[in-house]
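Here is what each chain is made of, one letter per residue.
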Amino acid sequence: MKALILAAGKGTRMKSKYPKVLHTLSGKPMIKWIIETVSSVVQEVGVVLGFGSDLVRKHLPDWVRVFVQEEQLGTAHAVMCARSFIDPGEDILVLYGDTPLIKSNTLKRMIEEHRNGAEVTLLTAKLDDPTGYGRIVRRDGRIEVIEEGELSSEERLALKEVNAGFYVFSGAFLLDALPRVGRNNSKNEYYLTDVVKLAQRVRIVEVSDPIEIVGVNTRKTLISLEEFLRRKKIEELLENGVTVIDPNTTYIHYSVEVGIDTVIHPMTFIEGETRIGEDCEIGPMTRIVNCVIGNGVKVERSECYGAVIEDNVIVGPFARLREGTVLKRNSRIGNFVEVKKSIIGEETKALHLSYIGDAFVGRNVNIGAGTITCNYDGKKKNPTFIEDNAFIGSNTSLVAPVRIGEGAFVGASSVITDDVPPYSLALGRARQVVKENWVLKRRGEE
Ligand code: UD1
Ligand code: MG
């Protein structure tokens, strides 16, 4: 079976420069949500793009077939633009790119129901407030029309059954009906909903939870879904053995995984493809994006992006880990330490005021306060190697490329420009000068 996702519209009501389906929900563009769900139900996925198509394409997996609707003349017209995708001998699922929370089970129920010989199977929902949706008008139990546009107040009271915007069509029926749809409506568009009234055999599946069919037309709706997912995620974590101390100030993307007995403290953001192990303490006031974190890790008041943090590491307070950082077991990164694209070995410590970039640091190394890897020479980034058991005195500049050998010792405040052999002492600073009684002599001169 194939699915066709309509995503050519601009999303005027979003008041945005960007295509609607690229607005993110829990960190992921809406179009990705829908493609992920749909691809678990059908074998082939097509997408109709139009407004901002080049931008949307970048977010699509390469196995998705793309069709272009140059001018957005309505949802039926969008399907028309992909008619080569529709096989007359097969059923096809058609849905919109702005309904991200649909569940695969619901789609499967529709496909099942359609097998009872329907031309169209429609998903519907009963809503207290049907504003913004096509309302289903029945006569003698049969669907007469799907009413679009503004609601009158009587309608608001009477019509609670809405068109969720998910259809299974028999291909032959769809190909036959599409050219018969007119644009005689207030928006002067070809409505896909008008295809439904051309069908003789319509089947209905009612969605059990209306949240699944919420169509995002405005930013207000988008953030209501954001909040829904945020709460749901925290509830799921609480049920699964994770303590989230203050759900009101904790933001965890739906994609995040957290192990049992981990405690998440207030004002913490955990985003993207982050995985956190068991027995960790995360926060307060911490942001973690796309990180993989082991067991027993503590991260306090820190920002971590794209880092791998192994078991029993302590980070922060006030640390910043950037892309490509690997902190090996039992290492510690302390306050005002920035680490970029570096490997920090087991048991190694950098506890105060440092910048470590493009460095390979061995195990059990002590990096003194204020140590800087000078990795950039104005043209390119250069690596620093610090081997096992080395000791870097405070306020040292390591001018890369440079290598500090195993067990070597660098005196405080050194500027190291040459490699230091294993087990040697390196001093790269001016020798101290003491002039005895210099102050008294100067007084005598005055
Ligand atoms: C549509 C349905 C409505 C349903 C609601 C469910 C129609 C006429 N109305 O209304 O019955 O209750 O969805 O959410 O279908 N699109 C195109 N090309 C176009 C126009 C739209 O590809 O020319 C795409 C949009 O990108 C969007 C989807 O179709 O992803 C739906 O369009 P939208 O304008 O959001 O329709 P609704 O007003 O929500
Ligand atoms: Mg919509």
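Just so it is clear, the structure is predicted and the values come from calculations on it, not from any experiment.

### Section: unusual backbone geometry
The amide bond that connects Gly 316 to the next residue, Pro 317, takes the cis arrangement and shows omega of 0°. Cis geometry marks the peptide bond from Ala 400 to Pro 401; its omega dihedral reads 0°. By the secondary structure assignment, Pro 401 is in the loop between strand 35 (397-399) and strand 36 (402-404). Look at Ser 26: it is not a glycine, yet its phi comes out positive at around 50°. Of the residues examined, Ser 26 reaches a relative accessible area of 6% and is grouped as buried.

### Considerations on the site of ligand 1
Inspection of the region around ligand 1 gives 24 residues, with Gln 69, Gly 74, Tyr 96, Glu 148 and Asn 163 positioned closest. A distance of 3.1 Å is found between an oxygen atom of ligand 1 and a side-chain nitrogen or oxygen belonging to Arg 13. Between ligand 1 and Gly 97, the relevant distance is 3.4 Å, taken from an oxygen atom to a main-chain nitrogen or oxygen of the residue. When ligand 1 is considered free in solution it has 760 Å² of accessible area, and contact with the protein chains removes 92% of it.

### A few points about the nonpolar core
With 46 residues, the main nonpolar core has Ile 309, Leu 321, Ile 333, Ile 386 and Ile 404 as its most contacted residues. Every element with two or more residues in this core is listed here: helix 8 (219-239), strand 27 (332-340), strand 29 (349-357), strand 30 (359-361) and strand 36. Broken down by element, the residue count for this core peaks at 3 residues, all from strand 27. The contact partners of Ile 404, leaving out residues within four places of it in the chain, are Phe 385, Ile 386, Glu 387, Ala 390, Ile 392, Leu 398, Val 410, Ile 416 and Val 420. One finds Ile 34, Leu 49, Met 110 and Tyr 133 within the second-largest nonpolar core, a separate group that totals 45 residues.

### Regarding the sheet that holds strand 36
Taken in spatial order, the 9 strands line up as 14-17-20-23-26-28-30-33-36 in an open sheet, and their pairing is parallel. Of all strands in the sheet, those with a lone pairing partner are strand 14 (257-258) and strand 36, marking the two edges. Here 2 bridges tie strand 28 (residues 343-344) to strand 30, and the two strands are oriented parallel to one another. By the bridge assignment for strand 30, Ile 344 is matched with Val 361.

### Focus: the coordination of the magnesium ion (ligand 2)
Taken together, the protein donors to the magnesium ion (ligand 2) comprise Asp 98 (OD) and Asn 217 (OD1), at separations of 2.1 to 2.3 Å. Taken as a pair, Asp 98 in the loop between strand 6 (91-96) and helix 4 (104-114) and Asn 217 in the loop between strand 11 (202-206) and helix 8 lie far apart in primary sequence, 119 residues in all. Given a relative accessible area of 11%, Asp 98 falls into the buried group. Note on Asn 217: relative accessible area 14%, which makes it buried.

### Some remarks on the packing of aromatic side chains
One pass over the structure, following the stated rule, counts 8 aromatic pairs. Aromatic pair Phe 67 and Phe 85: ring centres 5.3 Å apart, planes at 55°, arrangement tilted. Of the two residues, Phe 67 sits in strand 5 (residues 65-68) while Phe 85 sits in the loop between helix 3 (75-80) and strand 6, which places them 18 residues apart along the sequence. Of the two residues, Phe 67 and Phe 85, neither departs from the other in class, the shared state being buried. Taking 6.0 Å as the distance between ring centres and 70° as the angle between the ring planes, the aromatic pair formed by Tyr 96 and Tyr 167 counts as edge-to-face. Here Tyr 96, found in strand 6, pairs with Tyr 167, found in strand 10 (residues 161-170); they are 71 residues apart in sequence, far enough to count as distant. Of the two residues, Tyr 96 and Tyr 167, neither departs from the other in class, the shared state being buried. Within the aromatic cluster, the residues linked to one another by ring pairs are Tyr 96, Tyr 167 and Phe 169. We note Arg 230 situated over the ring of Tyr 251; from NZ or CZ to the ring centre the distance is 4.5 Å. Taking the ring centre of Tyr 376 as reference, the NZ or CZ of Lys 381 above it sits at 5.4 Å.

### Here's the deal with the pairing of strand 6
In terms of burial, strand 6 is largely enclosed, as 5 of its 6 residues are buried. As judged from the 5 bridges shared by strand 1 (residues 2-7) and strand 6, these two strands associate in the parallel manner. Among the inter-strand pairings, Ile 5 is bridged to a residue of strand 6, identified as Leu 95. In this sheet, strand 10 lies alongside strand 6 in antiparallel orientation, the contact comprising 5 bridges.

### Here we look at the confidence of the model for the chain
On average, the chain scores 96 in pLDDT, and the residues at 70 or more come to 100%. When the elements of the chain are averaged for pLDDT, helix 5 (residues 153-158) gives the smallest value, 72, and strand 23 (residues 308-309) the largest, 99.

### Things to note about the state of the cysteines
All told, the structure shown has 0 disulfides when counted by the stated rule. Not part of a disulfide, Cys 291 finds its nearest cysteine sulfur in Cys 304, a span of 5.2 Å.

### Some points on the domain arrangement of the chain
Splitting the chain by domain gives domain 1 (2-213) and domain 2 (219-426). Computed from C-alpha coordinates alone, the two centres of domain 1 and domain 2 are separated by 45 Å. Each partner contributes to the interface: domain 1 provides 13 residues, whereas domain 2 provides 9 residues. Summing both sides of the interface, domain 1 and domain 2 together bury roughly 1100 Å²; the carbon and sulfur share of this comes to 67%. Put simply, domain 1 and domain 2 have 0 salt bridges between them.

Here is what the cut-offs are and how they apply
- Residues numbered from 1 in each chain as written.
- Chains lettered and ligands numbered in written order.
- Predicted model: local features only at pLDDT ≥ 70, side-chain atom pairs only at ≥ 80, totals over all residues.
- Heavy atoms only, no water.
- Helix = DSSP H or I, 4+ residues; strand = E, 2+ residues; numbered from the N terminus.
- Buried < 20%, exposed > 50% of the residue type's maximum accessible area, 1.4 Å probe, protein only.
- Near = heavy atom within 4 Å.
- Polar contact = N/O pair within 3.5 Å; in protein donor to acceptor, adjacent residues only side chain to side chain.
- Areas by Shrake-Rupley, 256 points an atom, 1.4 Å probe, with all protein chains shown as cover.
- Core = buried A, V, L, I, M, F, W, Y, C linked by side-chain atoms within 4.5 Å.
- Contact = heavy atoms within 4.5 Å.
- Pairing = 2+ DSSP bridges.
- Donors = N, O, S within 2.8 Å, 3.2 Å for Na, K, Ca; no water.
- Phe/Tyr/Trp six-rings, centres within 6.5 Å; stacked < 30°, edge-to-face > 60°.
- Lys NZ or Arg CZ within 6 Å of the ring centre and 35° of its normal.
- pLDDT = per-residue confidence, 0-100.
- Disulfide = S-S within 2.5 Å.
- Domains from an automatic or database assignment.
- Buried area = accessible area lost by both parts, 1.4 Å probe.
- Salt bridge = Lys/Arg side-chain N within 4 Å of Asp/Glu carboxyl O.

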